[in-house]
Amino acid sequence: MTNTVFFLFGATGDLARRKLFPAIYSLYRERKLGDRFAVIGLARRPRTNEQFRSDVLESIKEFARYNVTKDEQWESFADHFEYMSLDINNVDGFRELNTVADRLDKKFEVGGNRLFYLALAPELFGSVSHNLKEGGLLETSGWSRLVIEKPFGYDLPSAEKLNAEIRQVFEEKDVYRIDHYLGKEMVQNINVLRFANAIFEPLWNNRYISNIQITLSETVGVEERGGYYDHSGALRDMGQNHMLQMLAMMAMEPPSRMSPEDIRDEKVKVFRSLRGFQTSEEVRANTVRGQYATGNMKGKQVAGYRQEDKVNPESMTETYFSARVFVDNFRWAGVPFYIRTGKRLPVKTTEVVVEFKNVPNNVYLSKKHKLEPNLLVFRVNPMEGIYFKMNAKQPGSEGTIVPVAMDFCQSCQVGLNTPEAYERLLYDAARGDSTYFTRWDEVALAWQYVDKIAAAWRESSDNLCLYPAGTWGPEEAHQLLDEDGFRWWPVN
Ligand code: BG6
């Protein structure tokens, strides 16, 4: 059931403009939303309903998958949107909001369901939750759900505090923590590929897989988010959430049923099996961190991180990190998972590569070509697809072996018009499917893992390596794999 009043806190912000309004519009166009819904935009700044609707229209024109014109269809969609200026520290404002919500609920026959989407700084989650309760907004005949954005805390203690504040008001089952990577088509496809095909699962273990690599590279720098990012860094911004979540999807056991709790239980077991670092030396031996310096991106000279707006000119924050991670269980004993992410790298890409072990006896060794390992690659972003690299005879040769690819290019088939992660996640939250949202125990265990790394890095910053913008990060990240006889795929 998607009949819902959406309360969008942070409605004048970037996330609402780039992702949330376009997502709501796509759901509407695809008839997933129906007509029994309302959206209340909330922010401090005064805005009339008309101005707000015109902001929404502009955002949809710029970012949505569907074209929009100011016609009858638009008018009936826009009629569902209202704006209210709200001081989130003032309970009276919340009482007034309750009256507005009741009115819209009646008008659109919603039936009391309320979805509170906090596109706000996490420091505000606690007080907003508290005021929602005090203002009477949770006393409805339908359900009330809280959707929150990352970062969920800065480390384990701050995440625990935040969670305790939220849980005073909402039960865990009603808290939807967004990790937008879990909303991406190809991340969700990891489960399907693994559990709906007979050929992969028998090979999905340390007997056949030599290592797994997860790369999340970006060409952008910190842009206008210097203030947030300088405090956070790549480990917290991407590592604690997106990267460990993808790792868990790759490493988890098949759940007995595809229900949200069964799936999340299996992911939690992976987080529990992560080999935690015991000493700073271990952290240093298994991680690399870097920061971009000025460099050349596609022929253009770009600033180094320390010259970016709102960044400390002596900042020691990492904009790149890579790590060797082990999952200590029967399935994965001895298989390294290499993860890396960075800003100002040469390409924007998210890929998960499974590298298989060599055949037991290479009968082709006498030939001049060394056999390349089989690779199974999930392309998550921006291209979506799966390819499998294997060895074949070069046509016309006398047994020369060359790597060839079986390539399923999803984006070539359905176009780059696949649903945005936020569409999927908003829809799931509205119909109560929490599969692709992170549960508290996952979040806590991920922080526990990451906090050890952050603590060791804090002790001394002499291993922060600078890398020129436009390159693949510090040389040390290549050594990390070299030491084990591997290399990053694609080779760079
Ligand atoms: C966000 C990070 O969670 O993910 C950003 O805070 C990053 O720093 C972004 O740029 C990347 O997301 P995507 O979907 O563009 O790969």
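Residues numbered from 1 in each chain as written. Predicted model: local features only at pLDDT ≥ 70, side-chain atom pairs only at ≥ 80, totals over all residues. Heavy atoms only, no water.

A few points about the site of the ligand
- Surveying the vicinity of the ligand reveals the residues Lys150, His180, Tyr181, Lys184, Glu218, Arg225, Asp237, Met238, His242, Lys343, Lys348 and Asn381.
- The side chain of His242 places a nitrogen or oxygen atom 2.7 Å from an oxygen atom of the ligand.
- A total of 400 Å² of accessible area belongs to the ligand in isolation, and the protein chains cover 80% of it.
- Top element by residues in the shell around the ligand is helix H8 (residues 226-251). It accounts for 3 residues. (Near = heavy atom within 4 Å. Polar contact = N/O pair within 3.5 Å; in protein donor to acceptor, adjacent residues only side chain to side chain. Areas by Shrake-Rupley, 256 points an atom, 1.4 Å probe, with all protein chains shown as cover. Helix = DSSP H or I, 4+ residues; strand = E, 2+ residues; numbered from the N terminus.)

A closer look at the packing of aromatic side chains
- Inspection of the entire model under this criterion finds 24 aromatic pairs.
- One Lys or Arg, Arg177, reaches over the ring of Phe152 and ends 5.0 Å from the middle of that ring.
- The ring centre of Tyr154 lies 3.9 Å from the NZ or CZ of Arg236, which sits over that ring. (Phe/Tyr/Trp six-rings, centres within 6.5 Å; stacked < 30°, edge-to-face > 60°. Lys NZ or Arg CZ within 6 Å of the ring centre and 35° of its normal.)

Some remarks on the nonpolar core
- Among the nonpolar cores identified, the biggest contains 147 residues, and Phe7, Phe9 and Phe378 are the most heavily contacted of them.
- Counting the residues that make up this core, at least three belong to each of domain 1 (2-149) and domain 2 (182-483).
- Those residues in contact with Phe9 that lie beyond four places of it in its chain are Leu42, Leu86, Ile88, Phe94, Leu97, Phe116, Tyr117, Leu118, Ala119, Leu120, Val128 and Leu132.
- With 5 residues, the next largest nonpolar core counts Leu375, Val377, Tyr387 and Trp489 among its residues. (Core = buried A, V, L, I, M, F, W, Y, C linked by side-chain atoms within 4.5 Å. Buried < 20%, exposed > 50% of the residue type's maximum accessible area, 1.4 Å probe, protein only. Domains from an automatic or database assignment. Contact = heavy atoms within 4.5 Å.)

Some details on the domain arrangement of the protein
- Taken domain by domain, the protein consists of domain 1 (2-149) and domain 2 (182-483).
- Centre-to-centre, using C-alpha coordinates, domain 1 lies 34 Å away from domain 2.
- Residue-level contacts link 20 residues of domain 1 with 13 residues of domain 2.
- Here domain 1 packs against domain 2, burying approximately 1,400 Å² in sum over the two surfaces, 66% of which is carbon and sulfur.
- Summed over the shared surface of domain 1 and domain 2, the result is 2 salt bridges.
- The salt bridge involving Lys19 is made with Glu420; its shortest N-O contact spans 3.3 Å.
- The tally of links from domain 1 across to domain 2 stands at 6 residue pairs in polar contact (both at pLDDT 80 or more).
- Mapped by element, the contributors of at least two residues to the side of domain 1 that touches domain 2 are strand E1 (4-9), helix H1 (14-29), strand E4 (114-118) and strand E5 (144-148).
- Tallying contributions element by element places H1 first for the side of domain 1 that touches domain 2, with 8 residues.
- The class makeup of the residues in the side of domain 1 that touches domain 2 is 10 nonpolar, 3 polar and 7 charged. (Buried area = accessible area lost by both parts, 1.4 Å probe. Salt bridge = Lys/Arg side-chain N within 4 Å of Asp/Glu carboxyl O. Nonpolar A, V, L, I, M, F, W, Y, C, P; charged D, E, K, R; others polar.)

A look at the sheet that holds E5
- Here we have 6 strands laid out as an open sheet, ordered E3-E2-E1-E4-E5-E6, and parallel in their pairing. Sheet topology places strand E3 (81-85) and strand E6 (175-177) at the edges, where each strand pairs with a single neighbour. Neighbouring strand axes in the sheet, compared pairwise and without regard to direction, differ in orientation by 20° on average.
- As paired elements, E1 and strand E2 (residues 37-43) share 6 bridges and run parallel to each other. Counterpart to Phe9 in the pairing with E2 is Leu42. (Pairing = 2+ DSSP bridges. Axes fitted to C-alpha atoms, helices over the stretch in contact; angles between N-to-C directions.)

With respect to the packing of helix H6 (residues 156-167) against helix H13 (residues 440-459)
- Two elements in contact, H6 and H13, have axes whose closest approach is 9 Å; the angle formed by their N-to-C orientations is 160°. Considering their axes alone, H6 and H13 lie roughly antiparallel with respect to each other. Side by side, H6 and H13 meet where Leu156, Pro157, Ala159, Glu160 and Asn163 of the first sit next to Trp440, Ala444, Trp447, Gln448 and Asp451 of the second. (Parallel < 35°, antiparallel > 145°, perpendicular 65-115°, else oblique.)

As for the UniProt feature "binding site: substrate" (unreviewed entry) in the protein
- Here, UniProt's "binding site: substrate" (unreviewed entry) annotation points to His180, Lys184, Glu218, Asp237, Lys343 and Lys348.
- Residue classification places Lys184 among the buried residues on the basis of a relative accessible area of 17%.
- Once residues lying within four places of it in the same chain are set aside, the contact partners of Lys184 are Val380, Asn381 and Ala421.
- One can find Lys348 in the loop between strand E12 (336-342) and strand E13 (349-356).
- Not counting residues within four places of it along the chain, the set of residues in contact with Lys348 comprises Tyr181, Ser217, Glu218, Thr219, Asn381 and Pro382. (UniProt positions renumbered as here; feature names shortened; annotations may be inferred.)

Comments concerning the packing of H8 against H13
- Contact geometry for H8 and H13: axes closest at 10 Å, N-to-C directions at 140°. By the angle class used here, H8 and H13 are oblique. You can see that H8 and H13 cross each other, and the crossing is right-handed. Across the interface between the two elements, Leu235, Arg236, Gln240, Leu244 and Gln245 of H8 pack against Glu442, Val443, Ala446, Trp447, Tyr449, Val450, Ile453, Ala454, Trp457 and Arg458 of H13.
- Residue classes in the contact of H8 with H13 are distributed as 10 nonpolar, 2 polar and 3 charged. (Left-handed = near helix turned anticlockwise from the far one by under 90°.)

A short note on the confidence of the model for the protein
- For the protein, the average pLDDT comes to 94, and 97% of its residues sit at 70 or higher.
- Scoring of the predicted complex yields 0.95 for pTM and 0.99 for ipTM. (pLDDT = per-residue confidence, 0-100.)

Some thoughts on the state of the cysteines
- Inspection of every chain in the model, using the stated rule, returns 1 disulfide.
- For Cys409, the disulfide goes to Cys412, at an S-S distance of 2.0 Å. Residues Cys409 and Cys412 are joined through a disulfide that is right-handed, its torsion about the S-S bond being 75°.
- Judged by relative accessible area, which is 15%, Cys409 ranks as buried.
- For Cys412, a relative accessible area of 55% gives the class exposed. (Disulfide = S-S within 2.5 Å.)

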